[in-house]
Amino acid sequence: MLHELPTEIALYITSYLPLQSLRNVSLVCREWHSLIADNVQAVYRNAAILHRFVFHTDIKAESYDQKPDTKNRDWAQFCQRRLQIERGWRGKAPSVAKELNATGKFVHRMKVDQKESFVITTRHTRGLSVIDYNTDRVLWETNHVDDYAHCEYDRGYIIFNRHDNSKEVWRYSRDFQDSDIPEDFKPDDSMINASQDSAQRFASPTNRGHFRPWALLQMPEFTRAFRFSYPTLLSAGANNAYLWNVPTSRLVETINNIQAPNQDGTLGRLNYVEVNDQYAFFCGSIQLRIFARGGGALVCHLAMKDLPHTNWDVLPDSTDVPCSSSLFEPQRLHEAFHVSGTSQSNFVAGKFYVSVYIIYSLCAAHVSSSGKDMAVLTASGIFIWIPGFERLINREATLNDIATLLNFNHSLDNVRDISIYLTLGESNEKAAIATRKGLFIVSLDPEISRLTAEALPRPGISVCRVTKYDHSRHLTFISCLQMTHTGLFFNWYPSSEQNRLSQPARRIMVMPPVPPPANQVQAPVHAVHAVHAVPFYPVEGQNDYLPGLELTESSDDGELGEDAAPDPPSPVFAHQAGPPPLVDTHEEDEDNENEGAYLVVDDEQDDFEMEEVEDEMIDDFQFGGDGFMQVIVNDWFLPINSSMVHCIHV
């Protein structure tokens, strides 16, 4: 019997029992109940490790931590809460949605600090804010940040781009003294003045959520994408990448020739970058390339042709009834065999559902916090999960052996790109995916699924669709998605404006300098700011080539080279073409080469006036009553969409 064994051996045996079994064991007899009750901390600490709620390294680190909240943790209560969280992500427990009004109506990017309970946002219309997401109030903000700035955040460091191609680094005020600032690349006067102004406007005895300048990093060349994973900032240009140690403000490594051709061609259009302690990852439209740090050797590359043909179509599940108060609706996975081609053709072959269609380019890649697993998203809605990706580098396995592909575009009723955003959770083996067809939560660890919920059938992955956030147009304008242990954060159309009456369409078009017709009002392009429109900077993850603007190096994916002549401009209206997809972790193009262009306003719109207006007046520029404003540049349009941060907590 268990209680007759030495306590150490009995506790070792119980360390292999899932939480549901621990409760049953304690009900077997009085002696077993006493064994569990007398060693409750040790039993449930082992259970937390078994269920991967924590790791051995975390517990070891906490043993040196003198903070009461970690030293005196109630492990039984901790496991109970984490079990509820895991069930919540699967639609088996309640979840609650909340709109954060303090973030303002024009959110562009966001980062979340769960430990400090705040969300950091940048906006379409300048500025950066820090919001307490529990109380929905502004803790700190500055207007110093440029329009459409992309930001990165990790361990108290904020990094965002400036239009002069430098990167500003700000640090959590409570973490350092001015004497700690490195000598290299010190902040400039504009950063210091902005910091002093914000400190006066948001004076606080605790300085919670306050940031101060740390460094101004000057990039060696124009860079198109950057990613920060403490302590390393990876910033990539057209053909070279630069790795910075942010705490010391030093350039520590350069990776050259990331576009060098191989048997599968070049990298293609750079859509995404990622970095960890061992590798730098470059996700192009044609290939995903992995370079080793400490030398820059190319150690692995994946092309579209390498993807397995067996996918799992994500379909609605009418048999799985979720918790009535949950916003997550379980989906079922149907095994299918997809063959690349140019047309759709469906037929049944044995147990497989076979369809023929094109898989488009790669658009995003993330590495898990453990550094062992990788997630990739294609533009056509294929999510690729690669556990233990280093097995590919070491040639211990093939992609077909270890990868699982989820297809979020099974119906094929729209063959254009549908992917919008990809993010991974913080060490809880979760992914969140935004497509034009919905928001989805993917639980990736089959062991966690087996121990906390139910043993899932092949492929051992659980997928839920977020309900009540399924408006196709609003999904299209999601520009950021973040995930914590307990919450999903994304920007969404403000609820206060969803019932507004339709108003006449108003469009602003930036055209190359040509003699204006007699019936049009002409103004320099900088006058756009008079009505709070913004200069065009392509959003990260989309096609960065715009005729008449910044041209990048020629490649075999169809991009125009520097000597190619662009087509004549022809404005496109919103109902004729959807916006390009938006994907995480890339900065906007920072050079506006449209100098000398003109803001062309149709003076037949009687209610339009070129005059100074306040920020809140941006709502007046609408079409179809949806509150979206367009800045049209040649054949593209840039949305200035009303959006606030929404969060769903489990």
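Quick caveat, the model's predicted, so the values are computed rather than measured.

A.B. asks: So what exactly am I meant to see when it comes to the nonpolar core here?
C.D. replies: Ranked by size, the top nonpolar core spans 46 residues in total, and within it F383, I386, F389, L406, F408, V442 and V463 carry the most contacts. Residues in contact with F383, not counting those within four places in the same chain, are A375, V376, L377, T404, L405, L406, F408, L422, A431, I433, V442 and L444.

A.B. asks: What is the right way to read the sheet that holds strand β3 (residues 118-123) from this model?
C.D. replies: Sheet strands associate in pairs through backbone hydrogen bonding, adopting either a parallel or an antiparallel arrangement. Spatially, β2-β3-β4-β5 is the arrangement adopted by the four strands of the open sheet, whose pairing is antiparallel. Two strands close off the open sheet at either side, each with one partner strand: β2 (107-113) and β5 (137-142). Ignoring strand direction, the axes of neighbouring strands in this sheet form an average angle of 20°. Sheet topology places β3 next to strand β4 (residues 128-132); five bridges connect them, and they run antiparallel. Each residue of the ladder has a partner; that of T121, found in β4, is S129.

A.B. asks: Please clarify how the sheet that holds strand β15 (residues 279-284) should be interpreted in this entry.
C.D. replies: Pairing is antiparallel in the open sheet, where four strands are placed in the order β14-β15-β16-β17. Two strands lie at the open edges of the sheet, namely β14 (270-275) and β17 (298-303), each paired on one side alone. This sheet shows a mean twist of 15° between the axes of neighbouring strands, independent of strand direction. Note: strand β16 (residues 287-292) against β17, five bridges, orientation antiparallel.

A.B. asks: I would appreciate a short explanation of the packing of aromatic side chains in the present structure.
C.D. replies: The geometry of two aromatic rings is summed up by the distance between their centres and the angle between their planes. Evaluated as defined, the whole model comprises 25 aromatic pairs. Measuring from ring centre to ring centre gives 6.3 Å for F118 and F211, while their planes differ by 80°; the resulting arrangement is edge-to-face. With a gap of 93 residues between them, F118 in strand β3 and F211 in strand β9 (residues 211-218) connect regions that are remote in the sequence. A relative accessible area of 0% places F118 in the buried class. Each member of the aromatic cluster is reached from another via a ring pair, and the members are F118, W140, Y153, F160, W170, Y172 and F211. The side chain of R171 reaches across the aromatic face of W214, ending 4.8 Å from its centre. In this structure, R212 packs its charged tip against the face of F176, placed 4.2 Å from the ring centre.

A.B. asks: Is there a simple way to explain the pattern of salt bridges in this structure?
C.D. replies: Between side chains of opposite charge, pairing is possible as soon as their charged atoms come close. For the coordinates displayed, the defined rule picks out 18 salt bridges. Residue E116 pairs with R174 through a salt bridge whose shortest N-O separation is 3.2 Å. Separated by 58 residues along the polypeptide, E116 in the loop between β2 and β3 and R174 in the loop between β8 (166-172) and α8 (189-201) bring together distant segments of the chain. Judged by its relative accessible area of 41%, R174 falls in the partly exposed class. D132 is paired through a salt bridge with R208; the nearest N and O atoms lie 2.7 Å apart. Of this pair, D132 sits in strand β4 while R208 sits in the loop between α8 and β9, and the two are 76 residues apart along the sequence. Neither residue differs from the other here; D132 and R208 are each classed as buried. The network of salt bridges with shared partners includes K111, E152, R227 and E274.

A.B. asks: I tried to follow the pairing of β8 on my own but got confused; where do I start?
C.D. replies: Sheet faces and side chains relate simply in a regular strand, where the side chains alternate between the two faces. Within β8, seven of the seven residues are buried, leaving the element largely enclosed by the surrounding structure. Hairpin connection between strand β7 (residues 157-161) and β8: a loop of four residues separates the two successive antiparallel strands, and N165 in this loop has a positive phi of roughly 75°.

The rules behind these values
- Residues numbered from 1 in each chain as written.
- Predicted model: local features only at pLDDT ≥ 70, side-chain atom pairs only at ≥ 80, totals over all residues.
- Heavy atoms only, no water.
- Core = buried A, V, L, I, M, F, W, Y, C linked by side-chain atoms within 4.5 Å.
- Buried < 20%, exposed > 50% of the residue type's maximum accessible area, 1.4 Å probe, protein only.
- Contact = heavy atoms within 4.5 Å.
- Pairing = 2+ DSSP bridges.
- Helix = DSSP H or I, 4+ residues; strand = E, 2+ residues; numbered from the N terminus.
- Axes fitted to C-alpha atoms, helices over the stretch in contact; angles between N-to-C directions.
- Phe/Tyr/Trp six-rings, centres within 6.5 Å; stacked < 30°, edge-to-face > 60°.
- Lys NZ or Arg CZ within 6 Å of the ring centre and 35° of its normal.
- Salt bridge = Lys/Arg side-chain N within 4 Å of Asp/Glu carboxyl O.

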